[in-house]
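Remarks on the overall topology
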Amino acid sequence: MLRRLFLLAALALSTPALAVELGDDGLHKPAWLRETFKDLRDDLAEANAEGKRLMLVYEQRGCIYCTEMHEKVFTDPAIEKLIRDHYFVVQLNLFGDVEVTDFDGTVLSEKDMALRWGVMFTPTLIFLPENVPEGVPAPDAAVAMMPGAIGKGMFQSLLIWVRDRGYDSGENFQRFVAERMTENQ
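Our subject in this report is the structure included herewith. No experiment lies behind these values; they were computed from the predicted model shown.

Tallying each qualifying case throughout the model produces 14 salt bridges. The partner of Lys 29 in a salt bridge is Asp 25, and the shortest N-O contact between them spans 3.1 Å. Sharing partners across several salt bridges, the network here consists of Arg 34, Glu 50 and Lys 52.

Next up on the list: the pairing of strand E6 (residues 124–127). Alternating residues of E6 divide into Thr 124 and Ile 126 and Leu 125 and Phe 127, and every residue in both groups is buried. Here strand E2 (residues 53–59) runs beside E6; their pairing, made up of four bridges, is antiparallel. Pairing of Leu 56 across the sheet is with Ile 126, part of E6. Pairing geometry for E6 and strand E7 (residues 144–147), over four bridges, is antiparallel. Looking across to E7, one finds that Thr 124 is bridged to Pro 147.

Rules used throughout
- Residues numbered from 1 in each chain as written.
- Predicted model: local features only at pLDDT ≥ 70, side-chain atom pairs only at ≥ 80, totals over all residues.
- Heavy atoms only, no water.
- Salt bridge = Lys/Arg side-chain N within 4 Å of Asp/Glu carboxyl O.
- Buried < 20%, exposed > 50% of the residue type's maximum accessible area, 1.4 Å probe, protein only.
- Helix = DSSP H or I, 4+ residues; strand = E, 2+ residues; numbered from the N terminus.
- Pairing = 2+ DSSP bridges.

Following this line, the structure appears as structure tokens:
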């Protein structure tokens, strides 16, 4: 009996506690992710109807930085609450073939849209404003783009800065982060 308990404990400790389910495409699928037709105009309208901000997340199969974000950053309770309460998140696959319709009406596969938008790293997070002018592609309309994995404190700050429209006031994001870090010490 004791041996069985030891084996169960060893197994539990060797399994990542915060593993996030992978989809058939090899990308992480947290519960707050939205499955859409990837027409960004419709996604923005739906996000606005819910009082949320549209966030696009480019990822790829086997990305260690995506895994890091999903298992260590997105699962932080405060961050997960910010995402669920304030963001409408649409996942895009850096090498995917699903069609994406940009705000300017351009329709391309996920991988070709990544090339058009200059997405080179995964994860890349793209935050959109509530209103995108007609004919403007997503990266030109974005209020923030974050290529690569970032830590909990920086990501939480980014979510708050975008939610509170720090960019409207001209507030420098790095200064915002530094002030938050000083306040939390």
